[in-house]
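# Coordinates in review
Residue strings, one per chain:
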Amino acid sequence: MNRINPVVTPEEIARQQEFIREIATMPHRPKTYHIVTYGCQMNAHDSEKLAGMLDEMGMTPAPKREEADFVIFNTCCVRDNAERRALGNITWLKEVRKTRPELIIAVCGCMIQEPGMAERILKQYRFIDLAFGTSNLHRFPELLCMTLEKNEPVVEVDKEDVIPEGLPVSRLRPESAYLTVMYGCDNFCSYCIVPFVRGRERSREPGAILREAEQLLSSGVREIMLLGQNVNSYGKGLENPVSFAWLLGQLDRMSVPRIRFMTSHPKDLSDELIETMAGSAHILPQFHLPVQSGSNRILEKMNRRYTRERYIERVQSLRSAVPGIGLSTDIIVGFPGETEEDFGDTMDLVREIRYDSAFTFIYSPRVGTRAAYMPDQVPEDVSNRRIRELIALQEDLQRTTLGRFLGMEEEVLVEGISRRSGAEVSGKGKHGVSITLPGGPEDIGKIVPCRVKGLKNNTLTAERKEEK
Ligand code: SF4
């Protein structure tokens, strides 16, 4: 174990396994569970680990939260509305418990790691039986055991940033698997709460990642999505530091059919990574590269540590090395001090880059971050107008950018039956764009070759080609 990347010891994981076995034999344990997940893919994967542990405790998933004996809310605090929604839903469940007193309610995830939240839970939300932070995920079996034995709330928020290895996982989609390569973030963008709640950056040892990838491959997984708050800076603090590009190269050689990753910080997007993508057989030609703003003045206030010019240069390098690459981004409007001119710079950048998709947000102040205390907070009506303009522009441009796929051959990893028609399936193509094509339940989890023939509401439609 080294200082920067402390791994939870195998002895501790074995101790938690004992608690799993103990709960499995308790006659009064909950029999069914339901997990409500908010936020990003990191949270979604944490929920898969919670499900893995609950399954081993002998519980089965309940499709509806009001029918489950044990409900766990895995929360997000990146934006104020995600937090308010979670607290509203948790409070609603308090009403359900009036008719079902045996119901156990737990809350975990980033919101619990916020300064003062654990104390608030104990005072204001006393009906919550169990609350624990992201750093305590590996201790969930022991904490649940305590909850089932005690008659008072159990709350644990550890500030030590650790890497949990060896937790059981119940994957939501057997064909496409999340694989965490690093945890936490050191960037401290001035609007972002993640470094405060997910802790400092720590990378998993490459050996552990590659072993997990091998297991996934032998279990039939078709796609691996590498996860981290800033995957491009993977490798810091390892005993033998390696780069993210190196790691991708190793996975490419293992012939994982499809490799994707997120999220990337533009300042850490190296030439080595671009070259690795260009020379790879399995890394998908898609890139999520959050720009956040097109104004250098705002980028500086955001502490993003790149300029608009550098960002555009990185996109050009990506596009010349991987022609036709799918490109998506995140954009915030209404950051403190954002003028009409700054917003105009963002609109210009969107016109210049022409993204395949963009996730757009109104700035949401988070207590404890630098931006929350900046002067010139932008009025709500101004932010609302700007986001409407930005969305309209992106939708307009998207019709043209997605038009480049018409007539092209693609390969879709089918995720499910299309919402539009029971005779169609949908999934993501290699470039990260959603595609609908004729098919049925037997196609779910398969990679289906197709030819793109149309564009409907920013979704591509395709006809099937012969299957691989
Ligand atoms: S890179 Fe910035 S926005 Fe992304 S998680 Fe880190 S601090 Fe937050």
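Above: the structure in question.
Described in the following lines is the structure provided in the data block.

Procedures and definitions
- Residues numbered from 1 in each chain as written.
- Predicted model: local features only at pLDDT ≥ 70, side-chain atom pairs only at ≥ 80, totals over all residues.
- Heavy atoms only, no water.
- Near = heavy atom within 4 Å.
- Nonpolar A, V, L, I, M, F, W, Y, C, P; charged D, E, K, R; others polar.
- Salt bridge = Lys/Arg side-chain N within 4 Å of Asp/Glu carboxyl O.
- Buried < 20%, exposed > 50% of the residue type's maximum accessible area, 1.4 Å probe, protein only.
- Pairing = 2+ DSSP bridges.
- Helix = DSSP H or I, 4+ residues; strand = E, 2+ residues; numbered from the N terminus.
- Axes fitted to C-alpha atoms, helices over the stretch in contact; angles between N-to-C directions.
- Parallel < 35°, antiparallel > 145°, perpendicular 65-115°, else oblique.
- Left-handed = near helix turned anticlockwise from the far one by under 90°.
- Contact = heavy atoms within 4.5 Å.

## Looking at the site of the ligand
- Within the structure, the ligand sits among Cys-185, Asn-187, Phe-188, Cys-189, Tyr-191, Cys-192, Val-194, Pro-195, Gln-229, His-265 and Arg-304.
- For the shell around the ligand, the class distribution of residues is seven nonpolar, three polar and one charged.

## Brief notes about the pattern of salt bridges
- Counting across every chain of the model gives 39 salt bridges.
- A salt bridge links Glu-102 to Arg-100; the nearest nitrogen and oxygen atoms lie 3.3 Å apart.
- Look at Glu-102 and you get partly exposed, because its relative accessible area is 48%.
- It is possible to trace a salt-bridge network through shared partners that takes in Glu-12, Arg-15, Arg-139, Glu-142 and Glu-156.

## As for the sheet that holds strand 17 (residues 434-438)
- As summarised here, the arrangement of the five strands in space is 15-16-17-19-18, forming a closed barrel in which the pairing is mixed. Neighbour to neighbour, the strand axes of the sheet diverge by 55° on average, direction disregarded.
- For strand 16 (residues 424-428) and strand 17, the ladder comprises five bridges, and the chain directions are antiparallel. Note on strand 17: the bridge partner recorded for Glu-424 is Pro-438.

## Re the packing of helix 9 (residues 244-253) against helix 10 (residues 271-278)
- Running from amino to carboxyl end, helix 9 crosses helix 10 at an angle of 15°, the nearest separation of the two axes being 8 Å. Looking at the two axes, helix 9 sits roughly parallel to helix 10. Crossing geometry of helix 9 relative to helix 10 is assigned as left-handed. Facing Phe-244, Ala-245, Trp-246, Leu-248 and Gly-249 of helix 9, the residues of helix 10 in contact are Glu-272, Leu-273 and Thr-276.
- Broken down by class, the residue content of the contact of helix 9 with helix 10 amounts to five nonpolar, two polar and one charged.

## Description of the sheet that holds strand 5 (residues 130-132)
- The six strands lie next to each other as 2-1-3-4-5-6, forming an open sheet whose pairing is parallel. Strands with a single pairing partner mark the edges of an open sheet, and in this sheet they are strand 2 (60-61) and strand 6 (154-156).
- Lying over the sheet, helix 2 (residues 41-56) contacts strand 1 (32-37), strand 2, strand 3 (70-75), strand 4 (104-109) and strand 5, oriented at roughly 170° with respect to strand 1.
- Against the sheet, helix 6 (residues 140-149) makes contact with strand 3, strand 4, strand 5 and strand 6, and its axis sits at roughly 155° relative to strand 5, the strand it touches most.

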